[in-house]
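# Structural overview for review
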Amino acid sequence: MRKGIVLIILAAMLLASCRMPVESQTETSFDIYSANTDSYIFDYWRIYKSRIPEKPDLIFLVVDYGDSASKQIHLLDFLVCDSNETSKTVYEYYREYYSDCILEESAKWFIAHPWSMYDIDYTCMYYLEDNVVINGNIEEWSTWSESGDEPEPPGKFLRGDDFKEYIIDNAPRLKQFAMDLATDNT
């Protein structure tokens, strides 16, 4: 009898210590800070809640790198959603937002060259992988130059077709990386 009670207590403690699967949690249940804080986790990765302005009830997590990039993965942002349906809605929002400047697309990704910003020009890619939208600038260059003649060249990391292939070839692993960061720190 005493062994039975001890086993029941141990089993209850074990069950209580288990994490709820990500699929059953909602991003609104995550107790995390906003993008305006200086709190970082895991080697300068940060996580914060965001939303699409036109759909304020559609909340998702953003996982991004808040320091100078030293690896290709640092050049990416991850939009982690509760479900595949939510991530598809987020992905479709960005696809529609950039619809006038899409250069290339497939069923799971698109590449767009949006209007130039004040001091930077870029080509971005959005990739839909289950409940995560992966976003990165495929090309990026300054429109300013030190000499006044030519703009600065793109960054030193994989860019262009190589960076595009990096995202496509590694999408499941990249998604898992973002999910691990988001679920280990919420």
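Parameters and conventions
- Residues numbered from 1 in each chain as written.
- Predicted model: local features only at pLDDT ≥ 70, side-chain atom pairs only at ≥ 80, totals over all residues.
- Heavy atoms only, no water.
- Helix = DSSP H or I, 4+ residues; strand = E, 2+ residues; numbered from the N terminus.
- Buried < 20%, exposed > 50% of the residue type's maximum accessible area, 1.4 Å probe, protein only.
- Areas by Shrake-Rupley, 256 points an atom, 1.4 Å probe, with all protein chains shown as cover.
- Patch = residues over 30% accessible without salt bridge, like charges linked within 9 Å, V, L, I, M, F, W, Y side chains within 5 Å.
- Salt bridge = Lys/Arg side-chain N within 4 Å of Asp/Glu carboxyl O.
- Lys, Arg positive; Asp, Glu negative; His and termini not counted.
- Charge placed at Lys NZ, Arg CZ, Asp CG, Glu CD.
- Disulfide = S-S within 2.5 Å.
- Expected span 1.5 Å × (residues − 1).
- Arc of directions from axis to C-beta.
- Contact = heavy atoms within 4.5 Å.
- pLDDT = per-residue confidence, 0-100.
- Phe/Tyr/Trp six-rings, centres within 6.5 Å; stacked < 30°, edge-to-face > 60°.
- Core = buried A, V, L, I, M, F, W, Y, C linked by side-chain atoms within 4.5 Å.

### Some thoughts on the overall build of the chain
The secondary structure content of the chain amounts to three helices and seven strands. The N-to-C order of helical and strand elements in the chain reads α-β-β-β-α-β-β-β-β-α. Looking at the chain as a whole, 39% of its 186 residues qualify as buried. Surface summary for the chain: the accessible area is close to 11200 Å², and the carbon and sulfur share equals 52%.

### Quick look at a negative patch on the surface
Residues E139, D161, D162, E165 and D169 make up a contiguous surface patch of negative charge. Among the elements that make up the negative patch, the one with the highest residue count is helix α3 (residues 160–184) (four residues).

### A few points about the state of the cysteines
Under the counting rule described, the total for this entry stands at zero disulfides. No disulfide involves C101; its sulfur sits 6.9 Å from the nearest other cysteine sulfur, which is in C124.

### Looking at helix α2 (residues 84–97)
The end-to-end C-alpha separation of α2 is 20 Å, in line with the 20 Å expected for 14 residues at 1.5 Å each. Listing the buried residues of α2 in full gives T86, S87, V90, Y91, Y93 and Y94. Buried residues of α2, viewed axially, fall in a sector of 150°; they line one side. Seen from the open side of α2, the exposed residues pointing more than 90 degrees away from its buried face are E85 and E96.

### Examining the side chain of T123
Here T123 lies in strand β6 (residues 120–129). Those residues in contact with T123, other than ones at most four positions away along the chain, are L103, I111, A112, H113, G136, N137, I138, E139 and W141.

### Some thoughts on the confidence of the model for the chain
The pLDDT averaged across the chain works out to 76; a share of 63% of its residues lies at or above 70. In this model residues 32–38 is a low-confidence stretch, pLDDT under 50, and it forms 16 contacts with partners more than four residues away in sequence or in other chains. Low pLDDT, under 50, characterises residues 154–158; the stretch is placed with eleven contacts to residues that sit more than four places away or in other chains.

### What about the packing of aromatic side chains?
Applying the stated criterion to the full structure yields 13 aromatic pairs. Each ring, one from W45 and one from F78, has its centre 6.1 Å from the other, and the planes form 45°; the classification is tilted. Pair noted here: W45 is in strand β1 (residues 45–52) and F78 is in strand β3 (residues 76–80), with a separation of 33 residues, a long-range link. In this pair, the class of W45 matches that of F78, namely buried. Look at W45 and you get buried, because its relative accessible area is 4%. Following the ring pairs from residue to residue traces out a cluster consisting of Y91, Y93, Y94, Y97, Y98, F110 and Y126.

### Regarding the nonpolar core
With 26 residues, the main nonpolar core has V63, L76, F78, V80, I134 and I167 as its most contacted residues. For this core, the secondary structure elements donating two or more residues are β1, β2 (55–65), β3, β5 (109–112), β6, β7 (132–142) and α3. Tallying contributions element by element places α3 first for this core, with nine residues. Leave out the neighbours within four places in its chain, and F78 touches W45, L61, V62, V63, I73, V132, V133, I134, L174, F177 and A178.

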